[in-house]
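# Observations on chain architecture
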Amino acid sequence: MSAPPAQSSTAQATWADVNRDVIRTIGMPGEKYFAWLCLVALVLAAGAAAWAWQIWVGIGAAGKRTPQMWAMYITTFVFWIGIGHAGTLISAVLYLFRAKWRTSIYRGAEAMTVFAVMTAGLFPLIHAGRMWFAYWLMPYPNQRYLWPNFKSPLVWDVFAISTYLTISVVFFIVGLVPDIAALRDNATGYKRKIYAVLSLGWEGSDHQWRHYRRAYGLLAALATPLVLSVHSVVSFDFAMALVPGWHSTLFPPFFVDGAIFSGFAMVLVLILPMRALFNWYPYITDRHLDAMAKLILVTSLVLTYFYVCEVFTAWYSGDHFERASVFAKASQQYAWAYWLMYFCNSVVPLVLFVKKLRTHAVVLYVISIFVLIGMWFERFNIIVPGLAHDFYPYTWGTYYPTVTDSAIIVGSFAWFFLLFLGFIRVMPSLSIVEVKEVLPHPLKHATPTGGHH
Amino acid sequence: MTTTANVLGVFAHVDTTLQAIRDLRAKGFSNLTVYTPVPVEEIEHEIDKVEPLSKVRLFTVIGALTGTATGFFLTIWSSLKWELVTGGKAPVSIPPFVIIAFELTILLGGLATALAILVLGQLPKLKPSSTYDPRFSVDRFGVAVACPPDKVESVQSTLTAAGAEEVRR
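Residues numbered from 1 in each chain as written. Chains lettered and ligands numbered in written order. Predicted model: local features only at pLDDT ≥ 70, side-chain atom pairs only at ≥ 80, totals over all residues.

Here the focus is the interface of chain A and chain B. Facing the 52 residues of chain A at the interface are 63 residues of chain B. Secondary-structure elements contributing two or more residues to the side of chain A that touches chain B are α1 (15-23), α6 (153-186), α8 (206-239) and α16 (432-438) of chain A. When residues of the side of chain A that touches chain B are assigned to their parent elements, the largest contribution, 16 residues, is made by α8(A). Considering only residue class, the side of chain A that touches chain B consists of 28 nonpolar, 14 polar and 10 charged. (Contact = placed C-beta atoms within 7 Å. Helix = DSSP H or I, 4+ residues; strand = E, 2+ residues; numbered from the N terminus. Nonpolar A, V, L, I, M, F, W, Y, C, P; charged D, E, K, R; others polar.)

Residues and elements named next belong to chain B. Within strand β1 (residues 5-11), five of the seven residues are buried, which leaves it mostly tucked inside the rest of the structure. Judged from the seven bridges that link them, β1 and strand β3 (residues 141-147) form a sheet pairing that is antiparallel. Bridging across to β3, A5 finds its partner in C147. Bridge analysis of β1 against strand β4 (residues 166-168) gives three bridges, and the strand direction is antiparallel. (Buried ≥ 20, exposed ≤ 12 C-beta atoms within 10 Å, placed from the backbone. Pairing = 2+ DSSP bridges.)

Quick look at helix α9 (residues 251-277) of chain A now. Residue and element names in this part refer to chain A. In a regular helix each residue adds 1.5 Å, so 27 residues correspond to 39 Å; α9 covers 39 Å between its end C-alpha atoms and thus fits that length. Where burial is concerned, most of α9 is hidden: 19 out of the 27 residues are buried. N279, located one to two residues past α9, shows a positive phi value of around 55 degrees. (Expected span 1.5 Å × (residues − 1).)

The subject of this paragraph is the nonpolar core. If you look at the biggest cluster of nonpolar residues, it comprises 172 residues, and the most contacted ones within it are A86(A), M112(A), F264(A), V267(A), I296(A) and I100(B). Counting residues per element, this core draws most heavily on α6(A), which supplies 16 residues. Each of domain 1 (5-53 + 125-168) and domain 2 (56-120) of chain B contributes no fewer than three residues to this core. Apart from the residues within four sequence positions on either side, I100(B) is in contact with F150(A), W156(A), F159(A), G71(B), L74(B) and T75(B). (Core = buried A, V, L, I, M, F, W, Y, C linked by C-beta atoms within 7 Å. Domains from an automatic or database assignment.)

Moving on, we get to the sheet that holds strand β2 (residues 32-35) of chain B. Residues and elements named next belong to chain B. The strand order across the open sheet built from four strands is β2-β3-β1-β4, with neighbouring strands paired in antiparallel fashion. Whereas interior strands pair on both sides, the edge strands pair on one side only; in this sheet they are β2 and β4. Strand-to-strand twist of the sheet, defined as the mean angle between neighbouring strand axes without regard to direction, takes the value 15 degrees. (Axes fitted to C-alpha atoms, helices over the stretch in contact; angles between N-to-C directions.)

It is generally the case that most residues other than glycine have a negative phi and that most peptide bonds are trans. Residues T66(A) and P67(A) are joined by a peptide bond in cis, for which omega reads 5 degrees. By secondary structure assignment, the location of P67(A) is in the loop between α2 (31-57) and α3 (71-83). Here the amide bond leading from L123(B) into P124(B) is cis, since omega sits at -5 degrees, within 30 degrees of zero. Relative to the helices and strands, P124(B) is located in the loop between α4 (94-120) and β3. One non-glycine residue, A71(A), adopts positive backbone phi at about 40 degrees. Its place among the elements puts A71(A) in helix α3. The phi dihedral of L200(A) is positive, around 60 degrees, even though this residue is not glycine. Among the structural elements, L200(A) can be located in the loop between α7 (189-198) and α8.

Residues and elements named next belong to chain A. Where α1 is concerned, the buried positions are W15, V18, N19 and V22. All buried residues of α1 fall inside an arc of 95 degrees around its axis, so they share one side. Against α6 and α16 lie the buried residues of α1. (Arc of directions from axis to C-beta.)

What follows covers the packing of α6(A) against α7(A). Residues and elements named next belong to chain A. For the pair α6 and α7, interaxial distance at closest approach is 8 Å and the crossing angle is 155 degrees. When the interaxial angle is binned, α6 and α7 end up roughly antiparallel. Of the two elements, α6 crosses α7, and the hand of that crossing is left-handed. The segment α6 lies against α7, with I180, L183 and R184 engaging R192, Y195, A196 and L198. When grouped by side-chain class, the residues that make up the contact of α6 with α7 number five nonpolar, no polar and two charged. (Parallel < 35°, antiparallel > 145°, perpendicular 65-115°, else oblique. Left-handed = near helix turned anticlockwise from the far one by under 90°.)

What follows concerns the confidence of the model for chain A. Residue and element names in this part refer to chain A. With 95% of its residues at a pLDDT of at least 70, chain A reaches an overall mean of 90. No element of chain A has a lower mean pLDDT than helix α4 (residues 85-96), which averages 86, and none a higher one than helix α12 (residues 335-347), which averages 97. Here residues 1-10 scores under 50 on pLDDT; set against residues more than four positions off or in separate chains, the count is 20 contacts. (pLDDT = per-residue confidence, 0-100.)

With that out of the way, let us pick up the environment of I173(A). Residues and elements named next belong to chain A. If you trace the backbone, I173 turns up in helix α6. A count of 16 C-beta atoms within 10 Å places I173 in the partly exposed class. For I173 and S199, which are 26 residues apart along the polypeptide, the C-alpha to C-alpha distance reads 9.7 Å.

Now the structure itself:
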């Protein structure tokens, strides 16, 4: 993960190089890969065992006591939904803005999005305790006398998250089809048959591309407001409640910004090792790292602004409970989490003002880890200390994590990485078509004008 | 008894491919299939001159509006089944329902757009075209021409003159 030996620019790679470099990453992996896989599977098994234990003995195993009924599960749920933001932002918003640098990272980011939302989706089930009644969450008129309350932000959330997962999966699959066709054309035997089915017989004819391109543009146009809306809706889960520190119109942009911030950090955490492992230096260049680092820096600054606003609003509102809530967060039992969040999210990313460090793989990696920790604690700080100190002293209470819920949280990371590790070995984790699109097109006579998007 | 023959020209460059399309069109051959490894804007412009505008957007708008209608229908109808006043709000309160309608607009609009790729692009394609070549997913362009058998030579010479690397029937 150290600096690459030789920085070649994308201009040197040809279209055939792209096919070769991407296809060679698929197939029989080495021992290191299996070692990682085993480790991740073990951690996941521990998480699954913890979940089984929680189902057996009941939700009390997760350390949930009044008033801390949301605790770590909803914290981690919001964290994973946030992680899932970068993928569709890259594939939809940056597509519409014709940001060429997206092409090298968008496949990895999209996979990350789908897997992150799949991980997040586990938490309402885990949190609900009796997960075999999970279908009761689906809001439709029913014969069980359950009232589908469409005025509840939790119901909005069901719609927002399911829509986001579905559209992200559609984006992911639509982008993969032409790439799988390239895999098919390179494969033999049973693999060829499997890829032929998965590629839907894609041939790249003008007829297919014409509809494909138009559809892709329209999907991007639909997904753009979705990206912004999904975390806004998640923030309504808090902002619609009256709990001090939650009931704020600041929440939707605050959540969306934080989501993009943590999403890009996770993209870097995944992309940087892949770049070193697969030797993708010609495709994921310093320019890409620089662009991502700048985005992290900007979102960090915006987040800091929101943090300041939050404190200012509490003070300026004159509301006793708002002020007390902020004071409790900053000085009581959870103060360490509060200041850790500020340090990770507002102080550490400032390093990225130094141009050289924006392209330094190790520095970026370390900063990304800090950002992920900081963003997990941001959600923790909203939920746990928020509920620990609301209106009446008799409802105040401290939450203590248990082995069970901690193991489930760590297990969710294992589940996410297991999905991702599986993906990079069976599917192209760099988009063959889109990377080729931004390379100079082969021309015989005219002067090369470079790729378009 | 076939009345049409298929001639394929394989090209290595965008400009030669474009030249071949223009030359063939000028000579009156309109039944062309162009294979490209990536979508190429110049070639798309050339194709768009004769092809009608893609109907994908029709799918999108129908899907999206169905979503909006479903969202409002589901929420209003359910609320009328459970006529409960909560938070001082009438059972049918439009503002929160807009969120459901918005999400379903995007959901069904997106799914209909994906469906359009399948329906309009005629996917899945169960049998590969006779003129398809695996190189078309790497770095070669193909121009396949369906023409009467007596015109094959004319097509072949046009493709070669435009700069085809390889011409075959």
